[in-house]
Amino acid sequence: MPDKVVISMAQHLGAPCTPTVKVGDKVKIGDVIGSSEAAMSAPVHSSISGTVTAITDVLHISGRNMQSVVIENDGLEQISDSVCPPTVENREQFLQAVRNSGSIGLGGAGFPTSLKLGFDPKEKQPDFLIINGAECEPYITSDYRCFMEEGEDVLEGVLLMLKYLGIPKCVIGIENNKPECIDLLCQKTKDKPAIEVKPLPSVYGTGAELILIEKCLGREVPHGGLPAAAGAIVMNVTSVSSLGKYLATGMPVVSRVITVDGDACEKPQNLIVPVGTSYEDVLNTAGLKGGVTLGKVVAGGAMMGPAVRDLSYPTTKTTSGLIMLSEATAQPPQVNPCIRCGRCVEYCPMGLEPVEVNQAYAARDVQELGKLHVDYCFNCGSCTFVCPAKRPCTQMMGLAKAFYLGEIKKGGNK
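Fair warning: this is a prediction, and the values are worked out from it, not measured in the lab.

Structural notes on the sheet that holds strand 10 (residues 195-200)
Alright, step 1. Strand order in the open sheet formed by four strands is 10-9-8-11, with parallel pairing between adjacent strands. One side of each edge strand has no neighbouring strand; the edge strands of this open sheet are strand 10 and strand 11 (232-236). Sheet twist, expressed as the average angle between the axes of neighbouring strands with direction ignored, equals 25°.
Alright, step 2. Across five bridges, the pairing between strand 8 (residues 128-133) and strand 11 is parallel. Each bridged residue has a counterpart across the sheet, and for Ile 130 the counterpart in strand 11 is Val 234.
Alright, step 3. Against the sheet, helix 3 (residues 142-149) makes contact with strand 8, strand 9 (169-175) and strand 11, and its axis sits at roughly 115° relative to strand 8, the strand it touches most.

Comments concerning the nonpolar core
Alright, step 1. Among the nonpolar cores identified, the biggest contains 36 residues, and Phe 94, Leu 129 and Ile 131 are the most heavily contacted of them.
Alright, step 2. In terms of residue count, the dominant contributor to this core is helix 4 (residues 151-165) (eight residues).
Alright, step 3. In this structure Ile 131 touches Phe 147, Val 158, Cys 170, Val 171, Ile 172, Gly 173, Met 235, Val 237 and Val 240, once residues within four positions along its chain are discounted.
Alright, step 4. Ranked by size, the runner-up nonpolar core spans 18 residues in total, among them Met 350, Val 357, Phe 403 and Tyr 404.

Focus on the sheet that holds strand 14 (residues 294-299)
Alright, step 1. Strand order in the open sheet formed by four strands is 13-12-15-14, with mixed pairing between adjacent strands. Because the sheet does not close on itself, it has two edges, and the strands there are strand 13 (269-274) and strand 14. Going from strand to strand, the sheet's axes swing by 25° on average, the running direction of each strand aside.
Alright, step 2. Where strand 12 (residues 255-261) meets strand 13, six bridges bridge the pair, whose relative direction is antiparallel. Within strand 13, the residue paired with Thr 259 across the bridge is Asn 270.

Examining the pattern of salt bridges
Alright, step 1. Taken as a whole and judged by the stated rule, the model has nine salt bridges.
Alright, step 2. Glu 149 is paired through a salt bridge with Arg 145; the nearest N and O atoms lie 2.9 Å apart. Separated by four residues within a single helix, Glu 149 and Arg 145 lie in helix 3, roughly one turn from each other.
Alright, step 3. Here Lys 188 ties to Glu 152 by a salt bridge, and the two come within 2.8 Å at their closest N and O atoms.

What to know about the side chain of Ser 46
Alright, step 1. Within the secondary structure layout, Ser 46 lies in the loop between strand 5 (44-45) and strand 6 (50-59).
Alright, step 2. Dropping the residues within four chain positions of it, Ser 46 is found in contact with Ile 7, Val 27, Lys 28, Ile 29, Gly 30, Asp 31, Ile 33, Ile 71 and Val 254.

With respect to empty space enclosed by the protein
Alright, step 1. Under the defined criterion, the tally for this structure stands at one cavity of 30 Å³ or more.
Alright, step 2. Every residue lining the largest cavity is counted, 16 residues in all, and those nearest its centre are Cys 348, Pro 349, Cys 377, Cys 380 and Cys 383.
Alright, step 3. Along the lines of polarity and charge, the residues of the lining of the largest cavity split into twelve nonpolar, four polar and no charged.

A closer look at the confidence of the model for the chain
Alright, step 1. Chain-level statistics for the chain give a pLDDT mean of 93 and a share of 99% at 70 or above.
Alright, step 2. When mean pLDDT is compared element by element in the chain, strand 3 (residues 26-27) scores highest at 97, while helix 2 (residues 113-117) scores lowest at 92.

Quick notes on the rules
Residues numbered from 1 in each chain as written. Predicted model: local features only at pLDDT ≥ 70, side-chain atom pairs only at ≥ 80, totals over all residues. Heavy atoms only, no water. Pairing = 2+ DSSP bridges. Helix = DSSP H or I, 4+ residues; strand = E, 2+ residues; numbered from the N terminus. Axes fitted to C-alpha atoms, helices over the stretch in contact; angles between N-to-C directions. Contact = heavy atoms within 4.5 Å. Core = buried A, V, L, I, M, F, W, Y, C linked by side-chain atoms within 4.5 Å. Buried < 20%, exposed > 50% of the residue type's maximum accessible area, 1.4 Å probe, protein only. Salt bridge = Lys/Arg side-chain N within 4 Å of Asp/Glu carboxyl O. 1 Å grid on protein atoms, 1.4 Å probe; cavity = no way out; pocket = protein on both sides within 12 Å on 5 of 7 lines; lining within 4 Å. Points joined across faces, edges and corners; volume = space filled by probe spheres on them. Nonpolar A, V, L, I, M, F, W, Y, C, P; charged D, E, K, R; others polar. pLDDT = per-residue confidence, 0-100.

What follows is the structure in structure tokens.
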């Protein structure tokens, strides 16, 4: 347990929460410390027991200042009296329990789970629930450990979602480089015909939502559409496990498993970390390899995660990993002119053309960016990784996508 935690009120996409505590309040693990009436939101809970010492803006890994609640640890690890299994007997109670749990997309997106599952069955009733266990990012193994150690919680969450949401089938997608995980889940689901365990090719990008749906169901999401348009709801395995635990015990999302790894890490491992723990506290637990100079820390996956500017940043519900890279590994490459080799096109998992997007973005051609489907980019990093000229292709794609969506929002030329 850390000496203190700094818990952001914006743990999710959508409306940030408003603190429900004040300086000097005593809190316990599981107490609500932030809430919002907005539909696209999720409550925030205390991850330790102690005293609220500050409510202030704190710089976040995203580069924005987030209103945060600072709690000093009293070392007692007391559980809140409010932590008890919820009563769930129908769809409405189930969705309310999902919201009360503080569940969001723990794979990194941070989309409130109650909103994702709160679809109107009269408008669109999905016929498949897909559990995303692909975990294709290098180094990251937190989802894998979740399957191996919390398999019963995962299945409990799956079965309750099928029951209360009226979804007939579930597919659990796991990359085939995790055979022990596939065998374990096959064993646990052998008497559950509604659940299929599907081995997926071990190819980077498989875990992306649109690609996962195609690999699991053979269906394509219409351009600009949501997974529900293809008859699917996609959930990260850790989100499902957290939901299963909440429905069984009443303990909301107050911690998560974080992978600490990298060539500068002394003891690579997965740690259960209270939400709001500083990156520095987490890294000190794993340790720096002797004789190695730490060059860079990446939050999340090594391909998609941002570099950490300040180790005092607090972890959030969506922090899946901290990658410690040595100074030698972290040296920035020398950028050269584009040689139009086409590798970025060949390796893009979404079939995009970064080299053409670059030209359209340079000309600020909104119509051409739309034709090139720049909004399909999910910043996987493949184009930068394979570029022999070491150009910042991924960053350019991100800027082009932001520009295009911004122009469309303003009513620009589609």
